[in-house]
Number of protein chains: 2
Amino acid sequence: MSKKQLIMEKAVELFSKQGFEATSVQQITDYCGISKGAFYLSFKSKDELILALIDYYMQQFSTELDYTVRNETKENTLYQFFYKTFHAFSNHVEFARLLMKEQTYSLNEALLDKMRYYDQLTNETILTIIEKVYGDAINDIKFDLILAIKGLLNSYSSLLLFNKVAFDEELAAESLVEKTNILATYMSTPFITEEQGKMFQHFSVEDMSKEQLLSLMSSIADDIEDSLEKDSLVLLKEQIDHTSFNLAIIKGLIENIRANKQCKWIAYLLEKHFNLL
Amino acid sequence: MSKKQLIMEKAVELFSKQGFEATSVQQITDYCGISKGAFYLSFKSKDELILALIDYYMQQFSTELDYTVRNETKENTLYQFFYKTFHAFSNHVEFARLLMKEQTYSLNEALLDKMRYYDQLTNETILTIIEKVYGDAINDIKFDLILAIKGLLNSYSSLLLFNKVAFDEELAAESLVEKTNILATYMSTPFITEEQGKMFQHFSVEDMSKEQLLSLMSSIADDIEDSLEKDSLVLLKEQIDHTSFNLAIIKGLIENIRANKQCKWIAYLLEKHFNLL
DNA sequence: TATACTAATGACTAACCGGTCATTTTGTCA
DNA sequence: TGACAAAATGACCGGTTAGTCATTAGTATA
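Residues numbered from 1 in each chain as written. Chains lettered and ligands numbered in written order. Predicted model: local features only at pLDDT ≥ 70, side-chain atom pairs only at ≥ 80, totals over all residues. Heavy atoms only, no water.

## Quick look at the protein's contact with DNA strand D
Near DNA strand D lie 13 residues; those nearest to it are Lys-3 and Ser-35 of chain A together with Val-25, Lys-36 and Lys-46 of chain B. Val-25 of chain B is positioned such that a nitrogen or oxygen atom in its backbone is 3.0 Å from a phosphate oxygen of DNA strand D. Within the side chain of Lys-36 of chain B, a nitrogen or oxygen atom sits 2.8 Å from a base oxygen of DNA strand D. Looking at the surface near DNA strand D, the elements with two or more residues in it are α3 (36–42) of chain A together with α3 (36–42) of chain B. If one sorts the elements of the surface near DNA strand D by residue count, α3 of chain A sits on top with three residues. Partitioning the surface near DNA strand D into residue classes produces five nonpolar, five polar and three charged. (Near = heavy atom within 4 Å. Polar contact = N/O pair within 3.5 Å; in protein donor to acceptor, adjacent residues only side chain to side chain. Helix = DSSP H or I, 4+ residues; strand = E, 2+ residues; numbered from the N terminus. Nonpolar A, V, L, I, M, F, W, Y, C, P; charged D, E, K, R; others polar.)

Right, dumping it as structure tokens:
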């Protein structure tokens, strides 16, 4: 395990117990068994650590969920969404607790931006599910449905994260599927109008700039040995500015890199960039 | 306004913007226009301030909601519960934000206990509503209904607290009433069993000890001038250890003090103590 | 006006914070 | 073994923190 990862995994434990502000760098390094100086070889600052941490876990969660949502059958999508979420939370209890705690933290503007970004990703994922499962029929209540799903997920996740009793992930998912279906079927008094919903939809997620994409791909390419994936990355980089290949080829190249753990996130971003979703 | 109140109302503004940890006592006193020493004449420590703050606002919220829930018609109860909650939040936006932010803060064990206490009060209030509105028919799903209501309330409150768009409290309440009714009517796959629900129900709220009640009443009696209320308090104090009066008399005495703003909370606690609810 | 008491002040302390950097330890070659 | 570089250390820095306390200001009584 790299030192960076060691620090992240130990830090997430302390943050989830005490909160970000209340945990000192000294505490983290003591807990890792390293010196304070060593910390600053891996991270430029304490702020950079929590930003990296959020990315590290949220990228895993988001790609996993997005993949699930796009590849399940219509009948299973909603169940799998709930189940995978609970499962991810129970596999990363400390991070999930941190997420709940630091949700609305505002001192650090960069952190707040990041939170808003991933929250918006979640909204988009849920909206995709809703449109896939219920079709156009529920257009006028779909934004209320997003809010309701997030609220329910929040309540039941708290149970998983902060109670000592065993948590049956399958039953919980099943129960939330039923609640969602009921609401989708019978709801007729939405609170959020189409008008407001649009704002809701497009507000905070602007796509990554080409420069950001390219630099991210470069830094990943440097870390990878496997030649197929490295080559695919290089070819994809060339396609970002001026797409000359057929989209099928690009899709294939993205498929090549998706299997690699380090590439999952960039694969997801590239699909968004090339409008392949 | 007393100095204590001044500090609390200014502090809640700063806490809601920056969080508790990130706000210094110096900042608070500067903002109040008083000296640092003066702060420590009103509060023993910064921790004591936030505990007092939570009590100050949550007692207002709880008594208000409890009164509403018990005195509305069956048809209006649920609507009024949602509406009053939204209304209280929009009248005390800063405190409500603080509440959302510091929800699960765990460094301070006393704070965590207090949060759990008021959360449990909320659970009891919601349970009372559910039983009043839906009767015994929904016994097997009532704990799921509590969770669902809290989740929905959480989602929609976030909208009120963290978005800049105008928030129609009446429409929001109406919309949540509908959602709740739908769930209560059609839900059939509860997640929380009767067994777990019992734990849920009795877990953390132990009644206040008689000593705590008595000392609270004494300190309030010292602050009050009005003789009727003062006398009623003294008579009630005598009844706590050995109830000799008829319960009707006790009920009357409690009614005497309820009108006084300082007594609302103790009136609520006394009703619980004498099992008058 | 003198006295006695409370309310309020802000300089001060000891502890801790995030972050730096000269120094030492460790690992890797020839 | 010795020479060199990379990795790791922890004393140290300037700044901030919660909390204290000798001193002063304000007020009421006599």
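## Here's the deal with the pattern of salt bridges
Pairing is possible between side chains of opposite charge, provided their charged atoms come close. In total, this model carries 24 salt bridges over all chains according to the counting rule given. Between Lys-150 of chain B and Asp-119 of chain B there is a salt bridge, with the nearest N and O atoms lying 2.9 Å from each other. A residue pair is termed long-range when its members are at least 10 positions apart, and Lys-150 of chain B in helix α8 (residues 142–162) and Asp-119 of chain B in helix α7 (residues 109–134) qualify at 31 residues. When the shortest N-O distance is used, the salt bridge between Arg-258 of chain B and Glu-255 of chain B registers 3.0 Å. Separated by three residues within a single helix, Arg-258 of chain B and Glu-255 of chain B lie in helix α13 (residues 247–258), roughly one turn from each other. Beyond isolated ion pairs, a larger network of salt bridges with shared partners links Glu-109, Asp-113 and Arg-116 of chain A. (Salt bridge = Lys/Arg side-chain N within 4 Å of Asp/Glu carboxyl O.)

## Some remarks on helix α6 (residues 93–101) of chain B
Residues Phe-95, Ala-96, Leu-98, Leu-99, Met-100 and Lys-101 of chain B constitute the buried set of α6 of chain B. Here the buried face of α6 of chain B lies against α6 (93–101) of chain A together with α1 (3–18), α4 (46–71), α5 (74–91), α7 and α8 of chain B. (Buried < 20%, exposed > 50% of the residue type's maximum accessible area, 1.4 Å probe, protein only. Contact = heavy atoms within 4.5 Å.)

## Some points on the UniProt feature "domain: HTH tetR-type" (unreviewed entry) in chain A
UniProt annotation of "domain: HTH tetR-type" (unreviewed entry) refers to residues 1–61 of chain A when read in the numbering used here. Taken end to end, residues 1–61 of chain A comprises 77% helix and 0% strand; its first and last C-alpha atoms sit 20 Å apart. (UniProt positions renumbered as here; feature names shortened; annotations may be inferred.)

## Quick notes on the relation of the copies chain A and chain B
Mapping between the two copies of the chain is achieved by a rotation about an axis and a shift along the axis. By a simple turn and slide, chain A fits onto chain B: the slide is 0.0 Å along the axis, the RMSD is 0.2 Å, and the turn is 179°. The superposition operator between the copies reduces to a two-fold rotation axis. Within chain A, the C-alpha atom positioned nearest to the axis of rotation is that of Gly-151 of chain A, 2.0 Å from it. Taken together, the interface assignments show that 100% of the residues at the interface of chain A recur at the interface of chain B, consistent with an identical surface on both copies. (Least-squares fit on C-alpha atoms with pLDDT ≥ 70 in both.)

## A few points about helix α14 (residues 264–273) of chain A
Residue and element names in this part refer to chain A. α14 sits mainly inside the fold: eight of its 10 residues count as buried. Of the positions making up α14, those classed as buried are Trp-265, Ile-266, Ala-267, Tyr-268, Leu-269, Leu-270, Glu-271 and Lys-272. On its buried face, α14 sits against α4 (46–71), α7 (109–134), α11 (210–223), α12 (227–241) and α13 (247–258). Count one or two residues on from α14 and you reach Asn-275, which has phi positive near 55°.

## Observations regarding the protein's contact with DNA strand C
Val-25, Lys-36 and Lys-46 of chain A together with Ser-35 and Gly-37 of chain B are the nearest of the 14 residues found near DNA strand C. Atoms of DNA strand C within 4 Å of the protein belong to the sugar or the phosphate in 55% of instances, the rest to bases. The separation between a phosphate oxygen of DNA strand C and a polar side-chain atom of Tyr-40 of chain A is 3.0 Å. Contacts to DNA strand C include Lys-46 of chain A, whose backbone N or O atom sits 2.9 Å from a phosphate oxygen. Residue composition of the surface near DNA strand C, grouped by class: five nonpolar, six polar and three charged.

## Quick word on the interface of chain A and chain B
Each partner contributes to the interface: chain A provides 42 residues, whereas chain B provides 42 residues. Counting across the interface, chain A meets chain B through two salt bridges. Lys-179 of chain A is paired through a salt bridge with Asp-144 of chain B; the nearest N and O atoms lie 2.9 Å apart. For the side of chain A that touches chain B, the secondary-structure elements that each account for two or more residues are α1 (3–18), α8 (142–162), α9 (169–186) and α10 (194–202) of chain A. Looking at the side of chain A that touches chain B, the element that brings in the most residues is α8 of chain A, giving 11 residues. Looking at side-chain class alone, the side of chain A that touches chain B contains 22 nonpolar, 11 polar and nine charged residues.

## Some details on the UniProt feature "DNA-binding region" (unreviewed entry) in chain A
Here, the residues flagged by UniProt with the feature "DNA-binding region" (unreviewed entry) are residues 24–43 of chain A. As annotated, residues 24–43 of chain A comprises 75% helix and 0% strand, and the C-alpha atoms at either end are separated by 14 Å.

## Details of the packing of helix α5 (residues 77–91) of chain A against α9 of chain A
Residues and elements named next belong to chain A. Two elements in contact, α5 and α9, have axes whose closest approach is 8 Å; the angle formed by their N-to-C orientations is 140°. When the axes of α5 and α9 are compared, the pair comes out oblique. α5 and α9 meet at a crossing whose hand is right-handed. Touching Leu-78, Tyr-79, Phe-82, Tyr-83, Phe-86, His-87 and Ser-90 of α5 are Glu-169, Glu-170, Ala-172, Ala-173, Glu-174, Leu-176, Val-177, Thr-180 and Asn-181, all from α9. Taken together, the residues that form the contact of α5 with α9 break down as nine nonpolar, four polar and three charged. (Axes fitted to C-alpha atoms, helices over the stretch in contact; angles between N-to-C directions. Parallel < 35°, antiparallel > 145°, perpendicular 65-115°, else oblique. Left-handed = near helix turned anticlockwise from the far one by under 90°.)

## Considering the packing of aromatic side chains
The tally for this structure, following the rule as stated, stands at 31 aromatic pairs over all chains. Note on Tyr-57 of chain B and Phe-95 of chain B: the rings are 4.4 Å apart at their centroids and 15° apart in plane angle, and the pair reads as stacked. Highlighted residues: Tyr-57 of chain B in helix α4 and Phe-95 of chain B in helix α6, separated in sequence by 38 residues. Here Tyr-57 of chain B and Phe-95 of chain B have matching classes, each one buried. Each member of the aromatic cluster is reached from another via a ring pair, and the members are Tyr-56, Tyr-57, Phe-61, Phe-89 and Phe-95 of chain A. If you follow Lys-10 of chain B out to its NZ or CZ, it ends over the ring of Tyr-31 of chain B, 5.0 Å from the centre. (Phe/Tyr/Trp six-rings, centres within 6.5 Å; stacked < 30°, edge-to-face > 60°. Lys NZ or Arg CZ within 6 Å of the ring centre and 35° of its normal.)

## Brief notes about the domain arrangement of chain A
All names here are of chain A. For chain A, the domain assignment lists domain 1 (3–43), domain 2 (49–202) and domain 3 (210–273). Distance between the C-alpha centres of domain 2 and domain 3: 27 Å. On the domain 3 side, the residues contacting the nine residues of domain 2 number six residues. Together domain 2 and domain 3 conceal approximately 700 Å² of surface at their shared face, both sides included; 63% is due to carbon and sulfur atoms. It is Gln-59, Thr-63 and Leu-121 in domain 2 that bury the most area against domain 3; as a group they hold 48% of the surface buried on that side. One can count one salt bridge joining domain 2 with domain 3. Among the salt bridges present, the one from Glu-124 reaches Lys-272, with a minimum N-O distance of 3.4 Å. The interface formed by domain 2 and domain 3 includes one residue pair in polar contact (both at pLDDT 80 or more). Mapped by element, the contributors of at least two residues to the side of domain 2 that touches domain 3 are α4 and α7. The element best represented in the side of domain 2 that touches domain 3 is α4, accounting for five residues. Broken down by class, the residue content of the side of domain 2 that touches domain 3 amounts to four nonpolar, three polar and two charged. (Domains from an automatic or database assignment. Buried area = accessible area lost by both parts, 1.4 Å probe.)

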